[in-house]
Number of protein chains: 2
Amino acid sequence: MNANGEAAKAVPELLSPQNARLLLDSTEAFLFDCDGVIWKGDKLIDGVSETLDLLRSKGKKLVFVTNNSSKSRRQYAEKFNSLGIAVSEDEIFSSSFAAAMFMKVNDFPQEKKVYVIGGEGILQELQLAGFTGLGGPEDGKKTVELKSNCFFEHDKSVGAVVVGIDPYINYYKLQYGTLCIRENPGCLFIATNLDAVGHMTDLQEWPGAGCMVGAISSSTEKKPMVVGKPSTFMMDFLLQKYHINTSKMCMVGDRLDTDILFGQNAGCKTLLVLSGVTTQAILQDPSNKIQPDYYTSKVSDFLRFI
Amino acid sequence: MNANGEAAKAVPELLSPQNARLLLDSTEAFLFDCDGVIWKGDKLIDGVSETLDLLRSKGKKLVFVTNNSSKSRRQYAEKFNSLGIAVSEDEIFSSSFAAAMFMKVNDFPQEKKVYVIGGEGILQELQLAGFTGLGGPEDGKKTVELKSNCFFEHDKSVGAVVVGIDPYINYYKLQYGTLCIRENPGCLFIATNLDAVGHMTDLQEWPGAGCMVGAISSSTEKKPMVVGKPSTFMMDFLLQKYHINTSKMCMVGDRLDTDILFGQNAGCKTLLVLSGVTTQAILQDPSNKIQPDYYTSKVSDFLRFI
């Protein structure tokens, strides 16, 4: 305890040949975030492929846990393979999958529909889980008529609105989602995640799902259920597949408030990489309350150290 | 004080021939909200024209205070006149005008630019106040390229982002506003208002400025300065023109959290009309903490009572 009676905050360790070896030995599964860790936009980050090969060669399980809901698990597997990395669908836990699983475990009635503000990935996962999705990319080109006597119709059988990152956000979708949540009795409001920004392209960050969720949250005056990181909802599915104690898992991510917090909430070890949205200055700013166990510049530092 | 030690909440009085006469006699200026009070979309609410004529004939000052930033004061005067009501520009206090005045009283440098997410009204008011606006309706048809090596450029001389209701919201504007606030040092974030929904058409409510502000607030992780109701910022300008004690003013509106709160914050009497977003059930719900002095179904009830 310090003079103010607060528990001393643990200081994260910079990854080194010594602690990298210890981390490797004590970890059975590495959980990787994707954007800012594996790739930026459509570009692999240097050395990722070789690092994943090394970890697999040491018998480590690899799992990919992404808040980006624009793709389904199948589409993510295709993206990995197109970048030359062999990853199977069931090693991927995306927030699009989490949204569909959330509805499944909560017995969402199959006769009700789901309105989607977001990408094709959410619609695909909903379909695989046996639900009927509406909206998504198809509504990206729709416009509204703000004229007297024009009534905007919405489907009264929509029982949930799922909101994720949507680069084709428009007023049509905002009104559709708002009407469902405000007017359909008991309609759920589910957010894939709340990330403020993300690497939609290699060179820049762009507004993330948090932006679209913030819009709907403000127009409906309701807070969503969040299924992506840092919520540990996805961990339940992960543990169904990998019967590994979470203390033997290490979450590797570039974001403090999603990846690192998710790992900590679940009882995993945590490694922050500085190849994405978090800089060393942000990590070490006195206002930052989330401290990973370890930090390093990028995942391929494992190659140097081991 | 009640048993819990709280001051007893005043119960609003239903307007009647007796208290309508008292209210009229004690009021020198009536401040009207527009959407849901004067009109819905482009349709006048019954009896408004005759009621305003009656109040003017009794020597009352009439002022129109609207959170809707889509039009400038001039455009609002044209809308009133097209609906057969003679109102002059300087009787109108819109949040588009308030945004421009906020920048003026805060000595916003004229060499800096202002990025607008919202309607033509904000751009017009900025121009009248001597500022250079960017964005607005012109950016409504712009699209983004989410590709490798595509860099989204923004103007580094933007020193403020003004966000209001925007039916042409898109990812281009969201990224532009987000980049200015995140990357241009000291860039202001100004919200015309935070209304969740509003009567964009006569038949329905639609997402309001709060929706667009919520989006930018979430992507930038910043809170805006709000210039519209319930902020009393506009009252200063109103008092410069009308040297009337606010206790001799009555704010007439359809929203508790903007109109009635604005009136109360400024020390005006308040009259809620049920012709807009607030129902009697909402008013009388135990969770409602904002109680007007009076309430009635619509402004033309004055005609019946006086």
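Each residue is numbered by its place in its chain's sequence as written, counting from 1. Lettering of chains starts at A and numbering of ligands starts at 1, both following the order in which they are written. Given that the model is predicted, a residue must reach a pLDDT of at least 70 before its local features are reported, and side-chain atom pairs must reach 80 or more before they are shown or counted; all residues, however, enter totals for whole chains, interfaces and linings. In computing side-chain properties, one takes all heavy atoms of the structure into account and sets aside hydrogens as well as water.

### A look at the overall build of chain A
Secondary structure elements are taken from DSSP: a helix is a run of H or I of four residues or more, a strand is a run of E of two residues or more, and numbering for both begins at the N terminus. The secondary structure content of chain A amounts to 11 helices and 16 strands. In terms of its C-alpha atoms, chain A occupies a principal-axis envelope of roughly 70 × 50 × 35 Å. Per-residue burial for chain A yields a buried fraction of 58% across its 306 residues. The contact criterion used is simple: two residues touch if any of their non-hydrogen atoms lie within 4.5 Å. Within chain A, residue pairs in contact and separated by at least 24 positions form 69% of the contacts whose partners lie at least 6 positions apart. Where accessible areas are quoted, they stem from the Shrake-Rupley method and a 1.4 Å probe; at the residue level, only the protein chains shown are allowed to cover. Within the structure as shown, chain A displays about 12,500 Å² of accessible surface, and the carbon and sulfur contribution to it stands at 51%. Charge assignment: positive for Lys and Arg, negative for Asp and Glu; neither His nor the chain ends contribute. A single reference atom marks each charge: NZ on Lys, CZ on Arg, CG on Asp, CD on Glu. Each charge class in chain A was averaged separately, 31 positive and 36 negative side chains, and the resulting centres sit 1 Å apart. Residue exposure (1.4 Å probe, protein chains only): buried if accessible area is under 20% of the type maximum, exposed if over 50%, otherwise partly exposed.

### Re the interface of chain A and chain B
Across the contact, 41 residues belong to chain A and 41 residues belong to chain B. In this assembly, chain A packs against chain B so that about 3,500 Å² is buried in total across both faces, 61% of it on carbon and sulfur atoms. Within this document, salt bridges are pairs made up of a side-chain nitrogen of Lys or Arg and a carboxyl oxygen of Asp or Glu, the two lying within 4 Å of each other. The interface formed by chain A and chain B holds two salt bridges in total. A salt bridge links Arg182 of chain A to Glu205 of chain B; the nearest nitrogen and oxygen atoms lie 3.0 Å apart. Between N or O atoms, a polar contact is any pair within 3.5 Å; within protein, one atom must be a potential hydrogen donor and the other a potential acceptor, and residues adjacent in sequence are included only when both atoms are from side chains. Connecting chain A to chain B are 14 residue pairs in polar contact (both at pLDDT 80 or more). Tallying contributions element by element places helix H7 (residues 209–220) of chain A first for the side of chain A that touches chain B, with seven residues. Per-class residue counts for the side of chain A that touches chain B are 20 nonpolar, 11 polar and 10 charged. What counts as buried area is the accessible surface, traced by a 1.4 Å probe, that two parts surrender upon association, with contributions from both included. Residue polarity follows a fixed list, in which Ala, Val, Leu, Ile, Met, Phe, Trp, Tyr, Cys and Pro are nonpolar, Asp, Glu, Lys and Arg are charged, and the others, Gly among them, are polar.

### Section: the environment of Gln264 of chain B
Residues and elements named next belong to chain B. Topologically, Gln264 is positioned in helix H9 (residues 256–266). Along the primary structure Gln264 and Gly228 are separated by 36 residues, whereas in three dimensions their C-alpha atoms are 14 Å apart. Look past the residues within four positions of Gln264 in its chain and what remains in contact with it is Thr270, Ile290, Gln291 and Pro292.

### Some details on the UniProt feature "binding site: Mg(2+)" (unreviewed entry) in chain A
All names here are of chain A. UniProt positions are given in the numbering used here, feature names are shortened, and annotations may be inferred rather than shown by experiment. Sites flagged by UniProt as "binding site: Mg(2+)" (unreviewed entry) map to Asp33, Asp35 and Asp254. Across 222 residues of sequence, these annotated residues stay compact in space, with a maximum C-alpha separation of 8.1 Å. On the basis of relative accessible area, Asp33 is assigned to the buried category, the value being 5%. Once residues within four sequence positions are removed from consideration, Asp33 is found in contact with Ile38, Val65, Thr66, Lys229, Met251, Val252, Gly253, Asp254 and Asp259. For Asp35, the location among the structural elements is in the loop between strand E2 (29–32) and strand E3 (39–40). Among all residues touching Asp35, those that are not within four sequence positions of it are Thr66, Asn68, His199 and Asp254.

### Some words on the relation of the copies chain A and chain B
Once chain A has been moved 0.0 Å along the axis and rotated by 180°, it coincides with chain B to within an RMSD of 0.0 Å. In symmetry terms, the pair is related by a two-fold rotation axis. Counting the interface residues of chain A, we find that 100% of their copies in chain B are interface residues as well, pointing to one common contact surface. Alignment of the copies relies on least squares applied to C-alpha atoms, considering only residues that score at least 70 for pLDDT in both.

### Things to note about the sheet that holds strand E10 (residues 188–191) of chain B
What links the strands of a sheet is backbone hydrogen bonding, and the strands pair in either a parallel or an antiparallel sense. All names here are of chain B. Taken together, the five strands give an open sheet; going across it, the order is E8-E7-E9-E10-E13, and neighbouring strands pair in parallel fashion. A strand with exactly one partner marks an edge of an open sheet, and here the two such strands are strand E8 (132–135) and strand E13 (225–226). Strand contacts of helix H4 (residues 95–105): strand E7 (113–117), strand E9 (158–163), E10 and E13, with the helix running at about 150° to E9, the strand carrying the most contacts. Two strands pair under a simple rule: DSSP has to find at least two bridges between them. Axis geometry follows a simple rule: fit a line to the C-alpha atoms, using only the stretch in contact for helices, then measure angles between N-to-C directions, giving values from 0 to 180 degrees.

### Quick look at the sheet that holds strand E14 (residues 249–253) of chain B
All names here are of chain B. Reading across the sheet, the seven strands line up as E1-E16-E15-E14-E2-E5-E6 and stay open at both edges, with parallel pairing between neighbours. Because the sheet does not close on itself, it has two edges, and the strands there are strand E1 (13–14) and strand E6 (92–94). In the sheet, E14 pairs with strand E15 (residues 269–273) via four bridges, with the strands oriented parallel. Looking at the pairing, Met251 lines up with Thr270 of E15. Contacts from H9 reach strand E2 (29–32), strand E5 (61–66), E14 and E15 within the one sheet, and its direction differs from that of E15 by about 160°.

### Overview of the UniProt feature "binding site: substrate" (unreviewed entry) in chain A
All names here are of chain A. In the numbering adopted here, UniProt assigns the feature "binding site: substrate" (unreviewed entry) to Lys229. Summarising the element assignment, Lys229 is placed in the loop between strand E13 (225–226) and helix H8 (233–241). Not counting residues up to four positions away in its chain, the partners in contact with Lys229 are Asp33, Val65, Thr66, Asn67, Met234, Met251, Thr258, Asp259 and Phe262. Here Val65 takes part through its backbone oxygen, which lies 2.7 Å from a polar atom of the side chain of Lys229.

### What about helix H5 (residues 120–128) of chain B?
Residues Gly121, Ile122, Leu123, Glu125 and Leu126 of chain B constitute the buried set of H5 of chain B. The elements touched by buried residues of H5 of chain B are helix H3 (73–82), H4, E7, E8 and E9 of chain B.

### Some details on the side chain of Thr27 of chain B
Residue and element names in this part refer to chain B. Within the secondary structure, Thr27 sits in the loop between helix H1 (17–26) and E2. Residue Thr27 is classed as buried on the basis of its relative accessible area of 1%. Among the polar contacts made by the side chain of Thr27, one reaches the main-chain carbonyl oxygen of Leu23 at a distance of 2.6 Å. With residues up to four places along the chain from it excluded, the contact list for Thr27 reads Lys60, Lys248, Met249, Cys250 and Lys269.

### As for the packing of H7 of chain A against helix H7 (residues 209–220) of chain B
Relative to each other, H7 of chain A and H7 of chain B sit at 145°, their axes nearing to 7 Å. Crossing hand, H7 of chain A versus H7 of chain B: right-handed. Touching Gly210, Cys211, Gly214, Ala215, Ser218 and Ser219 of chain A of H7 of chain A are Gly210, Cys211, Gly214, Ala215, Ser218 and Ser219 of chain B, all from H7 of chain B. When grouped by side-chain class, the residues that make up the contact of H7 of chain A with H7 of chain B number four nonpolar, eight polar and no charged. Handedness of a crossing is defined here by the sense of rotation of the near helix relative to the far one, left-handed for an anticlockwise turn of less than a right angle and right-handed for a clockwise turn.

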